[in-house]
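# Geometric and topological summary
Residues per chain, in single letters:
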Amino acid sequence: MRTTVGIIGAGPAGLLLARLLHNAGIDSVVLESRDRAYVERRQRAGILEQGTVDVLRGAGAGERMDRKGLRHDGIELRFDRRRHRVDFPALTGGRSVMVYAQTEVCKDLIALQLEEGGPLLFETEALAVEGADTDRPRVRFRREGAEDVLECDYVVGCDGFWGVARSAVPDGRTFERTYPFSWLGILADVAPSHDELVYARHDRGFALLSMRSPSVSRLYLQVPADTDADSWSDEEIWDELERRFETDDDWSLRRGPITQKSVTPMRSYVHEPMRHGHLFLAGDAAHIVPPTGAKGLNLAVGDVVTFARALAHRTATGSDELLDAYSATCLRRVWQAERFSYDMTTLLHTAPDVTPFEDRLQLARLDRITSSRAAETDLAEAYTGFPIG
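Everything quoted here is computed from the prediction, not taken from an experiment.

### Digging into the overall build of the protein chain
Counting secondary structure elements, the protein chain contains 13 helices and 20 strands. Its C-alpha atoms put the protein chain at 65 × 40 × 40 Å along the principal axes. Here the analysis covers contacts within the protein chain between residues at least 6 apart in sequence; of these, 72% occur between residues at least 24 apart. Summing over all exposed atoms, the protein chain offers an accessible surface of approximately 16,400 Å²; the carbon and sulfur share of this is 47%. In the protein chain, the 48 positive side-chain charges and the 61 negative ones have mean positions that sit 2 Å from each other.

Following this line, the structure appears as C-alpha cells:
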C-alpha cells in the first residue's frame, strides 16, 4: 500500500489532518487500532477554542457543531464562597469557546472521511515506523491477522503517548511533571446547574462544573492520585460537589443519575523535537497537559494545521522551509499552553502538603485576576486560544 501521508491514529488529530490534506488535494491513509464504535464513544475533551472552531468550520466539519454545540462567552471563578464571571468577548475582542465533545468531533470527521476522503482503516494496528530518517518511511501494521506495510512520503504520529510513533524518534528530550492528585469525573443525566463552566477553588480541593449538552452534566472533583472511582458512592460525590461549589447566594447544585465515573491522572509532558526526518509527532504523542486549561485537543488541532499548511506549501513551492520549522513552530504554542495549564492547575488545586503561605498566595492570585482587567484579560486570551502557526 502506498500514499503520500501515513497517519497513525484516528482521534481528532489524525482525522482532522486527513480532512485538511484531502481539501488540499494530498492523499493519505489513516490507521486506527480500535474499531469505529470505540473511537466514536471515547470520552475525552469537550472545550473547543475559537481557533479550533474556526478550523473545523473551514474544513467543512462544522455544520453539526454549529447546530448542537454550546457557545460559551465566559467562565465563572468561584472561591471563598464568591463568584466572578470572566467575560471572554469583552476581554478578547469577541472570542469565545464551544462546548462540543471530542466524541462528536470524531463522528463528524469520520463521516466526512468515509464519504469523501482516503482510506480510513479501523482495527488496524500500527506495529512500527521504519526508515523515518529516509525519504521513504514505512509503517508496518497488522490487519485481520496479517502483517502489511504502508509506504509513505511522510508519517504523522497521532497515536498518543503509548503509540509507536514517539518511540521511533531517537535521542528525544522530555520534560515532565506529575501532580499529586487526580480528577474524579462523572457524567450525569441532569441539566447543568450553570450555563457556563464553573472553576471552584476550595480548601477541600478543586471542583469543575461542565456539561456535554443541555441535558447532560460533566463534573469533576480533585481527589488523591491513587483514587479508585468505585470507592465513591453517587451520594458522596454529589455531597462533595455541593460543598466545593458553595456560595453566599441562593445558587444550588442540581443532582441526577450518574452514568459514568472515571479518574484522570494529572500530568504535564513535552517531547522535543516533534519531528525526526519524515516522521512528525502530533497531539498526545508529543505533549500532554493537565485538563484544567482545556488545551489537549486544541493543541493537537494546532499541530495538524501546522503540518498540513507546511506540506501544502511544499507541494505548491517545492520548499521544505515550513516543514523544517514544524517542531519549533508547534513548540512555541505548546509551551504557552503548558504554562497556562500549569498556572490554572496550581491556582485552583489544593496540594496535599500545602502550607498556609501557599494557601494565601492562591487567594491573592485569584483576587488579582478578579480585580485587574489586565490579569483577567491574560486569562481570557489564553483560555480562548493561542494563535495557530
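### A few points about unusual backbone geometry
The step from Glu 272 to Pro 273 runs through a cis peptide bond, and the omega angle for that step is -5°. Along the chain, the position of Pro 273 falls in the loop between strand S17 (258-272) and strand S18 (275-276). In this structure, Glu 144 takes a positive phi of about 55° despite not being glycine. Locating Glu 144 in the fold gives a position in the loop between strand S10 (138-143) and strand S11 (146-151). Overall, Glu 144 belongs to the exposed group, its relative accessible area being 75%. The backbone of Asp 171 shows a phi angle near 60°, a positive value even though the residue is not glycine. Tracing the chain through its elements places Asp 171 in the loop between helix H7 (164-167) and strand S13 (173-188). Relative accessible area serves as the criterion here: at 79%, Asp 171 is assigned to the exposed category.

### Observations concerning the UniProt feature "domain: FAD-binding" (unreviewed entry) in the protein chain
With numbering matched to this structure, UniProt assigns "domain: FAD-binding" (unreviewed entry) to residues 2-341. What you have in residues 2-341 is 32% helix and 33% strand, and the ends, taken at the C-alpha atoms, are 40 Å apart.

### Quick notes on the domain arrangement of the protein chain
Considered domain by domain, the protein chain is made up of domain 1 (5-71 + 100-176 + 267-346) and domain 2 (178-266 + 351-384). Relative to domain 2, the C-alpha centre of domain 1 lies at a distance of 29 Å. On the domain 2 side, the residues contacting the 25 residues of domain 1 number 23 residues. Both faces considered, domain 1 and domain 2 share a buried interface measuring about 1,900 Å² in area, 60% of it formed by carbon and sulfur atoms. When the buried surface of domain 1 facing domain 2 is broken down by residue, Gln 43, Arg 267 and Pro 291 rank first, second and third, together holding 24% of it. Scanning the region where domain 1 abuts domain 2 turns up one salt bridge.

### Here's the deal with the sheet that holds S17
Strand order in this open sheet of eight strands is S6-S5-S14-S15-S16-S13-S17-S20, and the pairing throughout is mixed. Every interior strand has two partners, whereas the edge strands, strand S6 (82-87) and strand S20 (287-288), have only one. In terms of strand pairing, strand S15 (residues 207-213) meets strand S16 (residues 216-224) through six bridges, oriented antiparallel. Counterpart to Leu 209 in the pairing with S16 is Leu 219. Relative to the sheet, helix H12 (residues 356-371) contacts strand S5 (74-79), S6 and strand S14 (197-201), its axis offset from that of S5 by approximately 140°.

### Some words on the packing of helix H11 (residues 326-348) against H12
Viewed as axis vectors pointing N to C, H11 and H12 meet at an angle of 120°, and their least axial separation amounts to 8 Å. It follows from the interaxial angle that H11 and H12 lie oblique. Counted together, Asp 343, Thr 346, Leu 347 and Leu 348 of H11 and Gln 362, Arg 365, Leu 366 and Ile 369 of H12 form the full contact between these two elements. Here the residues of the contact of H11 with H12 are counted per class, giving four nonpolar, two polar and two charged.

### Focus: helix H8 (residues 234-244)
Buried within H8 we find Ile 237, Trp 238, Glu 240, Leu 241 and Arg 244. Angular distribution of buried residues about the axis of H8 spans 165°; they occupy a single face of the element. In this fold, the buried residues of H8 make contact with S13, S14, S15, S16 and S17.

### Some details on the sheet that holds strand S3 (residues 47-48)
Spatially, three strands are ordered S3-S7-S4 in an open sheet, and the strand pairing comes out antiparallel. The two strands at the open ends of the sheet, each matched to only one other strand, are S3 and strand S4 (70-72).

### Quick look at the nonpolar core
Counting residues in each nonpolar core, the largest one holds 127 residues, and the members touching the most others are Tyr 199, Leu 241, Phe 245, Phe 307 and Tyr 383. In terms of residue count, helix H9 (residues 296-317) provides more of this core than any other element does, 10 residues in total. Inspection of this core shows a minimum of three residues originating in each of domain 1 (5-71 + 100-176 + 267-346) and domain 2 (178-266 + 351-384). With residues up to four places along the chain from it excluded, the contact list for Leu 241 reads Ile 186, Ala 207, Leu 219, Tyr 220, Leu 221 and Leu 253.

Cut-off values and rules
- Residues numbered from 1 in each chain as written.
- Predicted model: local features only at pLDDT ≥ 70, side-chain atom pairs only at ≥ 80, totals over all residues.
- Heavy atoms only, no water.
- Helix = DSSP H or I, 4+ residues; strand = E, 2+ residues; numbered from the N terminus.
- Contact = heavy atoms within 4.5 Å.
- Areas by Shrake-Rupley, 256 points an atom, 1.4 Å probe, with all protein chains shown as cover.
- Lys, Arg positive; Asp, Glu negative; His and termini not counted.
- Charge placed at Lys NZ, Arg CZ, Asp CG, Glu CD.
- Buried < 20%, exposed > 50% of the residue type's maximum accessible area, 1.4 Å probe, protein only.
- UniProt positions renumbered as here; feature names shortened; annotations may be inferred.
- Domains from an automatic or database assignment.
- Buried area = accessible area lost by both parts, 1.4 Å probe.
- Salt bridge = Lys/Arg side-chain N within 4 Å of Asp/Glu carboxyl O.
- Pairing = 2+ DSSP bridges.
- Axes fitted to C-alpha atoms, helices over the stretch in contact; angles between N-to-C directions.
- Parallel < 35°, antiparallel > 145°, perpendicular 65-115°, else oblique.
- Nonpolar A, V, L, I, M, F, W, Y, C, P; charged D, E, K, R; others polar.
- Arc of directions from axis to C-beta.
- Core = buried A, V, L, I, M, F, W, Y, C linked by side-chain atoms within 4.5 Å.

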